[in-house]
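What follows is the residue order along each chain.
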Amino acid sequence: MKENLSSLLEVRNLTIDFHTMDGIARAINGVNFSLFKKEKIGIVGESGCGKSVTVLGIMGLLQKPPAKVREGQVLFKGRDLLTLPEREFAEIRGSKISMIFQNPMTSLNPVFTIGNQMGHVIRIHQGLRKKESIEKAIELLQEVGIPSPEKRIDEYPHQLSGGMRQRVMIAMAISCRPQLIIADEPTTALDVTIQAQIIDVIQDIIDRFESSLILITHDLAVVAETVERVLVMYAGKIVETGSVQELFESPKHPYTQGLLGWITNIETERGKLPTIDGMVPSIFNLPEGCSFSNRCKQCIPICIRQEPPNIEIKPGVLCRCWLYSEER
Amino acid sequence: MVGYFLKRLAMLIPVLLGISVIVFFIMALIPGDPAQAILGSYATAENLANLRADLGLDKPVFQRYFIWLGNLLQGDFGSSYTLNRPVIDEVLDRLGPTLLLAGTALVLCSIFGLLIGVITAVKQYGWQDRFFTLIALLGISTPSFWLGLVLILAFAVKLNWFPVSGMFAVYGGGDLPDLLYHLALPALTLAAVATGVIARLTRSGMLEILRQDFVLTARAKGLSERKVIWHHAFKNALVNIVPVIGIQAGFVIGGAVYIETVFQWPGIGRMLVTAITTRDILLVQGGVLVVATCYVVFNLVADMVQHLLDPRISI
């Protein structure tokens, strides 16, 4: 691991609960990771594992209540965002850290024009006048590959296709040259043909602006070609961290192995797709030991009794599994 | 945009025709003989028959409708026999005070209703939510004539803050402060129900909108919470609330009938009540037609405002 000094974002022991009518849901349980300048990381894991909650927690965008950050720190350039007054936090949102959401169809406000919505963010963070902000918005739309942006700027979201709207979201996200861009499943809601274009746009922007990227996705192919390092999440914990190459070549955690199982399978044989048997444990009632123990084929007695530690298998490769521990 | 508005205006014609049919036949079908009402119970059969012929009441009802409609189209609403003056003059004289009362009530209920709705939505389940939701519920469920009487008793009779009734002071009144002074209680009473309805609708609309993705986007852009709520969420919620305000405008004009009676307000509502009890059929028909037209026009305006707010709506 590199020195703390060069890290842009450091998440320490982030723990988030949801206080609901049915009880307390432990959505995020002690998430630790750091992100360096210009680094691109991916967060993968199945639905409900806490990927989105993690990044919304970083952005301070969770509704509180029901959400509650029980403990942890989010250090952005050494400042803990979670203890910042809301006003100062709002200044960082959209300017230093910005976010691209999953569904471009619903992420833009239907009653304002594209120019109006982009103008907002440019004006509040850069203090430009209305006319200048519109000129800037047109420039940005051009950067993300929207044809005839001077016409699009006066249109409403419903006049644009899904891919175009996601480009607008990206243009809005980069309008203040953020140091960190968080993309929460930016391609999930799009057609397959558009997905590749959007990923290209994001990659191009990140490289040109020298930003860091946190990419959340289900799509392992996107992970493989976009990011440098991957965090695998399961039931609110990061179970494995490693470089993309390491992860795809030799997945360590049994869950990661299961997740990657189908890729090798398609190459070798036809037939039934391999699945991971069983269900994700309820976050209202997490097991005492390893959260994955009830589905794990390599489960050993200690897995059920005690939570596995985060073990550094080799530099930069961390895995939360008893199989790699000498203490078992 | 202009095409849409023209289309909506054209759609007014069949609606108004339909209203004229309903207004005319309801009055024609209710029991009671105008000739009898005019001449009193000791009139002879011969006199009654002559008067009916004079008033055109001896003709078949359909023929009477078309005569009435034909006259209407020329601006002739007939003549009120109890007041001995043209219906149109009387109705227009009375329309002003009613529109003033209803308009003030509408402004009040829109401001309070929207404000309460947004506050209760933003502070969902907080004390503000509970308190104002209770107030809104009380507003909806209190009969307005009763509320009017209670307000008169409390603020006019006991506390002496406001006048008991009327539009101007009998001696020395007539200026704007005097008018507002007289307007306060009836306008508040009239606004109560509509405030509750608008507040509850705004609350649910805002709650729905605040859950939308674009609100999260607005927050992620770094907008202040106030901007997120009043700029991004409220304008969206308003799209669905504006038509309801239009409908409330109609109810407010209808509700003016009670309120004008309770507060002795010289408006069209009180005129109608008197006209109905004296079987002044032409006056009732003219009055109801004008009130109904106001209702339709308010709704039209609301639809147009909705159209301006939401670029997605078109017909």
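All figures in this text were calculated on a predicted structure; none of them were measured in a lab.

Here is what the cut-offs are and how they apply
- Residues numbered from 1 in each chain as written.
- Chains lettered and ligands numbered in written order.
- Predicted model: local features only at pLDDT ≥ 70, side-chain atom pairs only at ≥ 80, totals over all residues.
- Heavy atoms only, no water.
- Helix = DSSP H or I, 4+ residues; strand = E, 2+ residues; numbered from the N terminus.
- Buried < 20%, exposed > 50% of the residue type's maximum accessible area, 1.4 Å probe, protein only.
- Contact = heavy atoms within 4.5 Å.
- Areas by Shrake-Rupley, 256 points an atom, 1.4 Å probe, with all protein chains shown as cover.
- Lys, Arg positive; Asp, Glu negative; His and termini not counted.
- Charge placed at Lys NZ, Arg CZ, Asp CG, Glu CD.
- Salt bridge = Lys/Arg side-chain N within 4 Å of Asp/Glu carboxyl O.
- Expected span 1.5 Å × (residues − 1).
- Disulfide = S-S within 2.5 Å.
- pLDDT = per-residue confidence, 0-100.
- Pairing = 2+ DSSP bridges.
- Axes fitted to C-alpha atoms, helices over the stretch in contact; angles between N-to-C directions.
- Parallel < 35°, antiparallel > 145°, perpendicular 65-115°, else oblique.
- Left-handed = near helix turned anticlockwise from the far one by under 90°.
- Right-handed = clockwise from strand over helix to strand, strands pointing away.
- Phe/Tyr/Trp six-rings, centres within 6.5 Å; stacked < 30°, edge-to-face > 60°.
- Domains from an automatic or database assignment.
- Buried area = accessible area lost by both parts, 1.4 Å probe.
- Nonpolar A, V, L, I, M, F, W, Y, C, P; charged D, E, K, R; others polar.
- Core = buried A, V, L, I, M, F, W, Y, C linked by side-chain atoms within 4.5 Å.

Asker: Explanation requested: the overall build of chain B in the structure shown.
Answerer: In terms of helices and strands, chain B carries twelve helices and two strands. N-terminal to C-terminal, the α/β element order of chain B is α-α-α-α-β-β-α-α-α-α-α-α-α-α. Its C-alpha atoms put chain B at 85 × 55 × 35 Å along the principal axes. Within chain B, buried positions represent 44% of all 315 residues. Sequence-distant contacts in chain B: of pairs separated by 6 or more residues, those separated by 24 or more amount to 73%. In the structure as shown, chain B presents an accessible area of about 16000 Å², 69% of it carried by carbon and sulfur atoms. Of the charged side chains in chain B, 21 are positive and 18 negative; the average position of the first set lies 14 Å away from that of the second.

Asker: Teacher, can you tell me more about the pattern of salt bridges here?
Answerer: Pairing between side chains of opposite charge can happen when the charged atoms of each approach one another. Residue and element names in this part refer to chain A. Inspection of the entire model under this criterion finds 24 salt bridges over all chains. A salt bridge links Asp207 to Lys40; its shortest N-O distance comes to 3.2 Å. You can see Asp207 sitting in helix α8 (residues 192–209) and its partner Lys40 sitting in strand β3 (residues 40–44), a full 167 residues away along the chain. Given the relative accessible area of 49%, Asp207 is considered partly exposed. One salt bridge in this structure joins Glu246 and Lys252, with 3.3 Å as the shortest N-O distance.

Asker: I'm lost on helix α1 (residues 2–29) of chain B in this one. Help?
Answerer: One turn of the α-helix equals 3.6 residues, which is why residues spaced by three or four share an orientation. Residue and element names in this part refer to chain B. Over its 28 residues, α1 runs 41 Å from end to end, which matches the ideal 40 Å to within 8%, given 1.5 Å per residue. Looking at α1, one finds that the buried residues are Tyr4, Arg8, Leu12, Ile19, Ser20, Val23, Phe24, Phe25 and Met27. Packing partners of the buried residues in α1 comprise α4 (61–73) and α12 (281–309).

Asker: It is not clear to me how the state of the cysteines should be interpreted in this structure. Could you clarify?
Answerer: Each disulfide consists of one covalent bond between the sulfur atoms belonging to two cysteines. Under the criterion given, the structure shown has zero disulfides over all chains. Left without a disulfide partner, Cys109(B) is nearest to the cysteine sulfur of Cys294(B), which lies 16 Å away.

Asker: Quick question: what am I supposed to make of the confidence of the model for chain A here?
Answerer: Low pLDDT marks regions whose predicted coordinates should not be analysed in detail. Taken residue by residue, chain A gives an average pLDDT of 84. The fraction at 70 or more is 94%. In the model, residues 1–5 of chain A has pLDDT below 50 throughout and makes six contacts with residues more than four positions away in sequence or in other chains.

Asker: How do you make sense of the confidence of the model for chain B when you look at a structure like this?
Answerer: All names here are of chain B. Looking at chain B, pLDDT values average 85 and 97% of them are 70 or higher. The spread of mean pLDDT over the elements of chain B runs between helix α2 (residues 34–39), the lowest at 77, and helix α5 (residues 87–122), the highest at 90. Taken together, the chains of this predicted complex give a pTM of 0.79 and an interface ipTM of 0.82.

Asker: I would appreciate a short explanation of unusual backbone geometry in the present structure.
Answerer: Glycine aside, residues mostly have negative phi, and peptide bonds are mostly found in the trans state. The backbone of Asn13(A) sits at a positive phi, close to 50°, despite the residue not being glycine. Mapping Asn13(A) onto the fold places it in strand β1 (residues 7–20). Here the phi dihedral of Arg279(B) falls at roughly 55°; this positive angle occurs in a residue that is not glycine. Positionally, Arg279(B) belongs in the loop between α11 (268–277) and α12. Looking at Arg279(B), the relative accessible area reads 27%, which means it is partly exposed.

Asker: What is the right way to look at the sheet that holds strand β9 (residues 229–234) of chain A in this model?
Answerer: Paired through backbone hydrogen bonds, the strands of a sheet run either parallel or antiparallel to each other. Residues and elements named next belong to chain A. Spatial ordering of the open sheet is given by β6-β7-β8-β3-β9-β10-β12-β11, a layout of eight strands whose pairing is mixed. The sheet is open, and its two edges are formed by β6 (97–100) and β11 (311–314), each paired on a single side. Direction aside, the axes of adjacent strands within the sheet are offset by 20° on average. Two elements, β3 and β9, share four bridges in a ladder whose sense is parallel. In the strand pairing of β9, Ile41 is matched with Arg229.

Asker: So what exactly am I meant to see when it comes to the packing of α1(B) against α12(B) here?
Answerer: The description of two packed helices rests on the angle between their axes and on the distance between the axes. All names here are of chain B. Two elements in contact, α1 and α12, have axes separated by 10 Å at closest approach and are oriented at 155°. Taken together, the axes of α1 and α12 are roughly antiparallel relative to one another. For the element pair α1 and α12, the recorded crossing hand is right-handed.

Asker: How should I be thinking about the pairing of strand β8 (residues 212–216) of chain A in this particular structure?
Answerer: Within a regular strand, side chains alternate between the sheet's two faces. Residue and element names in this part refer to chain A. β8 sits mainly inside the fold: five of its five residues count as buried. Residues Ser212, Ile214 and Ile216 line one face of β8 and the alternating positions Leu213 and Leu215 line the opposite face, and both faces are buried. Sheet topology places β3 next to β8; four bridges connect them, and they run parallel. Bridge pairing in β8 places Ile43 opposite Ile216. In this structure, strand β7 (residues 180–184) lies alongside β8, joined through five bridges in parallel fashion. Residue pairing in the sheet places Ala183 in a bridge with Leu215 of β8. A crossover connection joins β7 to the parallel β8 through α8; in handedness this β-α-β unit is right-handed.

Asker: Is there a simple way to explain the packing of aromatic side chains in this structure?
Answerer: Geometry of an aromatic ring pair is reported as the spacing of the ring centres plus the angle between the planes. Residue and element names in this part refer to chain B. Counted under the stated rule, the structure contains 15 aromatic pairs over all chains. Look at Phe24 and Tyr65: their rings are 5.4 Å apart centre to centre, the planes differ by 65°, and that puts the pair in the edge-to-face class. One end of the pair, Phe24, is in helix α1; the other, Tyr65, is in helix α4, and 41 residues separate them in sequence. Judged by centre distance (5.6 Å) and plane angle (35°), the rings of Phe25 and Tyr65 are tilted. Of this pair, Phe25 sits in helix α1 while Tyr65 sits in helix α4, and the two are 40 residues apart along the sequence.

Asker: Teacher, can you tell me more about the domain arrangement of chain B here?
Answerer: In many reports, interface size means the accessible area that the parts give up when they come together. Residue and element names in this part refer to chain B. Domains assigned within chain B are domain 1 (32–76) and domain 2 (93–309). Taking the mean C-alpha position of each, domain 1 and domain 2 sit 39 Å from one another. Facing five residues of domain 1, the contacting portion of domain 2 comprises six residues. Interface area for domain 1 against domain 2, summed over the two sides, is near 430 Å², with a carbon-plus-sulfur share of 81%. Of all the elements in the fold, those that place two or more residues in the side of domain 1 that touches domain 2 are α2 and α4. Across the side of domain 1 that touches domain 2, the residue classes tally to four nonpolar, one polar and no charged.

Asker: Could you clarify how one ought to interpret the nonpolar core in this entry?
Answerer: Considering soluble globular proteins, one finds that nonpolar side chains tend to be buried as a cluster. Counting residues in each nonpolar core, the largest one holds 92 residues, and the members touching the most others are Leu9(A), Phe33(A), Met99(A), Met118(A), Leu180(A), Ile182(A) and Ile214(A). Not counting the four nearest positions on each side in its chain, Leu180(A) is found in contact with Leu8(A), Leu9(A), Leu35(A), Phe76(A), Lys96(A), Ile97(A), Ser98(A), Ser212(A), Leu213(A) and Ile214(A). Listed in part, the 80 residues of the second largest apolar core include Leu72(B), Val87(B), Ile229(B) and Val296(B).

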